[in-house]
Amino acid sequence: MTGLRSLVVRRTGVLSDIRLLVGAPPALATRPIMARIAAAFFAVVGVMGIVVSSVIPEGSTGNRGILLVGAIISVFTGALVLALGRYLSAPAHAGLIAFATVVLTYMLMEAPDPVVTMALSCLYPCIACHAAFVFSWRSAAGLAAFALPLCTFGVTSRPELAWWAALLPVTSTVIVGTGVAILSRVASEADIDSLTGLLNRRGFDRALTAVTTAPGAPPKVAMVLFDLDEFKTTNDRLGHRAGDTMLKNVADRWVQQLGRDAVLARYGGDEFGLLLPNTTEAEAIEIADRMRAAIATDCSAGVTSWRQGDTASLFVGRADIGLYRAKATGRNQTMLESSQRPAVVTELRAALESGTVDVHYQPIVDLAGARRTVGYEALVRWSSSEQPELTPSGLITIAEGSDLIGELGRAVLHRACSDANVIQRATPDIAIVINVNVSCLELVRENYATNVLRIAASTGWPANQLVLEVTESELAADSVQAIAQLQKLRRAGVRIAIDDFGSGYSSLNRLAALPCDVLKIDRPVISDIRSARPMLTAIAALSSAFELELIIEGIESTEQEELLSELGISRAQGYLYGRPQSLDQITTPTAPAHNSPTNPTRRSRL
Ligand code: C2E
Ligand code: MG
Ligand code: MG
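The sections below set out a description of the structure shown in this document. By convention here, each chain's residues receive numbers from 1 onward along its written sequence. The lettering of chains begins at A and the numbering of ligands begins at 1, in the order of writing. Residues qualify for local features only when their pLDDT is at least 70, as the model is predicted, and side-chain atom pairs are given and counted only at 80 or more; totals for whole chains, interfaces and linings, by contrast, use all residues. Heavy atoms from the whole structure form the basis of all side-chain values; hydrogens and water molecules are not counted.

**A few points about the packing of helix H17 (residues 405-426) against helix H19 (residues 448-459)**
- Axes here refer to lines fitted to C-alpha atoms; in helices the fit is confined to the stretch in contact. Angles between the N-to-C directions go from 0 to 180 degrees. What counts as a helix is a DSSP run of H or I of at least four residues, what counts as a strand is a run of E of at least two, and both are numbered from the N terminus. Orientation of H17 relative to H19, taken along the N-to-C sense of each, is 30 degrees, at an axis distance of 9 Å. With respect to H19, the axis of H17 lies roughly parallel. In this structure, H17 crosses over H19, and the sense of that crossing is right-handed. Between H17 and H19, the contacting residues are Arg 410, Leu 413, His 414, Cys 417, Ser 418 and Asn 421 on the first element and Asn 451, Val 452, Ile 455, Ala 456, Ser 458 and Thr 459 on the second. Oblique is the label for every angle not falling under 35 degrees (roughly parallel), over 145 degrees (roughly antiparallel), or within 65 to 115 degrees (roughly perpendicular). Crossing handedness is read from the near helix: turned anticlockwise from the far helix by less than a right angle, it gives a left-handed crossing, and turned clockwise, a right-handed one. Whether two residues are in contact is decided by their heavy atoms, any of which lying within 4.5 Å being enough.

What follows is the structure, given as structure tokens:
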């Protein structure tokens, strides 16, 4: 953890560049570095004192005893600082350096010879170096103001030396100190974000590398990636200055919230990274939530923790997946990336490799056509021995969290398109459509549309008989990547359905912005038949205004079906018409999907 701690940057109120320059030490000024420099300084002063006191010729003017005692104290102080210095605060360090300055001055005065006095005075630039390197400008100037008069006093106290003899050590102390102060600040600026005063991405990556390469037991470190939800809007509407102010305010608020070991960085744009040493995932979630609550703007966060064998990029990548999921599933929330149980993930990966993930099909019927089945929704089915109670929704969450969603989505799509050919041959009188669910995390992948079209072509299933169902709440309408994929698919003839509309946060804005053709209404809308009528009336008007085909999901009773017919809604899906079934069950002529849905022999295995 030393490496990590060595990169911790503490900023107290990053309000202006001037305050930043004057009030903060260079980022290189970490406690271990401070400790080593101070220890080396004491050791050098002490050793020189011991050497000088041992070579003082008998009868010289210096006080050998006092010189030796001072030198030994200095060596011991050096050893102590080396051992414990990293736990000392900056003011304690400043105090030690002041003490060393006093010891040095005393040795100057007690040196046996004016030549030795002049030689020892060469150590004052070391004090300046140390102060300039590890303290803020203000503290360094304070130490210089303390050391320079002492140096002058020490040199001129020798009757053999003229006043101007002090000019040499004093001038070189000032020059060396200023030079080191400037250079160390320039060097550390490379790791600092000039707007917020936090570490920048480079600094954060260095901190990460320190963690990932730390020797010893695997570290218990959590990471949070934050992204401000409204930043782009603020920037566009109010200008970049307002955007900058927003970022600075957020950084200021967050710095106040954090403990001394936390590493906060502006990771880029409106994204912030936080490394939390000695923190569990659960604690990191709490901290992330507290930080989100502390600022005046909406913010999403992804949390993960370090795992054995992680590289820095894997570690960041997992936090990024958490962040993406937080954004894709509604924003302004914290999402843990590693919520899945690893054993289930391993099992799922093996199932995908061996092709044992199953797909069932639930009919979509046309009420105007006497409940004729016009399409099927493909629904993934997989039973896990690790987690027998796992539902299809839970499976999707696990796949999304473990980055298997792409593979799972492709497997389901391939299977659904192949099976659709079989179903189509069994029902040649009508061109059926096949609906396949899509996770948002699939949609944002670069080649998603190309892959879908490739799978449709390779299985021989026409693109215009394929509907992709995207859950409304998951899809961020401003996800340029997702919208571009959807548009490309639509141009190729694939239709897009907004799934589960009406549950949770349904936005008309989003509906207008999304390229879609079909609206699927979630089961809760129809489950209470008394409130269903006005809701469905409004939804029917909405779908007709947006020229969208309407499908009502979750129809379980004839009463619900009658209501749909009354309202002129013709497409429906639900247990009344058939539960999700395997391909065999669907294509077995003795058991047509839409006639006896309550027959237990036809129920889904899962
Ligand atoms: P969904 O896309 O809204 O699918 C409809 C869900 O409602 C299915 O649950 C279906 O079995 C259930 N359902 C249909 N009719 C009725 C009914 O009358 N009553 C009741 N109580 N339930 C009914 P399932 O199969 O458990 O799937 C749940 C969700 O998991 C799906 O909701 C979909 O969002 C997701 N999902 C399923 N398969 C896939 C897949 O292959 N890929 C992706 N990305 N998501 C999938
Ligand atoms: Mg669906
Ligand atoms: Mg649905």
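**A look at the pattern of salt bridges**
- Put simply, a salt bridge is a Lys or Arg side-chain nitrogen that is within 4 Å of an Asp or Glu carboxyl oxygen. Following the criterion strictly, the structure yields 20 salt bridges and no others.
- Here Arg 266 and Asp 193 are joined by a salt bridge, their closest N and O atoms 3.1 Å apart. Placement of Arg 266 in strand E2 (residues 263-268) and of Asp 193 in the loop between helix H9 (167-189) and helix H10 (201-212) is noted, with a sequence separation of 73 residues between them.
- When the shortest N-O distance is used, the salt bridge between Arg 571 and Asp 366 registers 4.0 Å. Residue Arg 571 is found in strand E13 (residues 571-573), and its partner Asp 366 is found in strand E6 (residues 358-366); the two are separated by 205 residues along the sequence.

**Overview of the coordination of the magnesium ion (ligand 2)**
- Taken together, the protein donors to the magnesium ion (ligand 2) comprise Glu 377 (OE), Asn 437 (OD1), Glu 469 (OE) and Asp 499 (OD), at separations of 2.0 to 2.2 Å.
- Nitrogen, oxygen and sulfur within 2.8 Å of a metal are treated as its donors, or within 3.2 Å for sodium, potassium and calcium (Na, K, Ca); water is not counted, so a site can appear incomplete. Read N to C, the donor residues that coordinate the magnesium ion (ligand 2) are spaced as E-x59-N-x31-E-x29-D.
- A separation of 3.8 Å is found between the magnesium ion (ligand 2) and the magnesium ion (ligand 3), which share Asp 499 as a coordinating residue. A residue pair is termed long-range when its members are at least 10 positions apart, and Asn 437 in strand E8 (residues 433-438) and Glu 469 in strand E9 (residues 466-471) qualify at 32 residues.

**Re the coordination of the magnesium ion (ligand 3)**
- For the magnesium ion (ligand 3), every protein donor is listed as Asp 499 (OD), Asp 500 (OD), Glu 553 (OE) and Glu 553 (OE), and the spread of their distances is 2.1 to 2.6 Å.
- Along the chain, the residues that donate to the magnesium ion (ligand 3) are spaced as D-D-x52-E.
- When its relative accessible area of 10% is taken as the criterion, Glu 553 is described as buried. For every residue, the accessible area obtained with a 1.4 Å probe (protein chains only) is divided by the maximum for its type, and the residue is called buried under 20%, exposed over 50%, and partly exposed between those limits.

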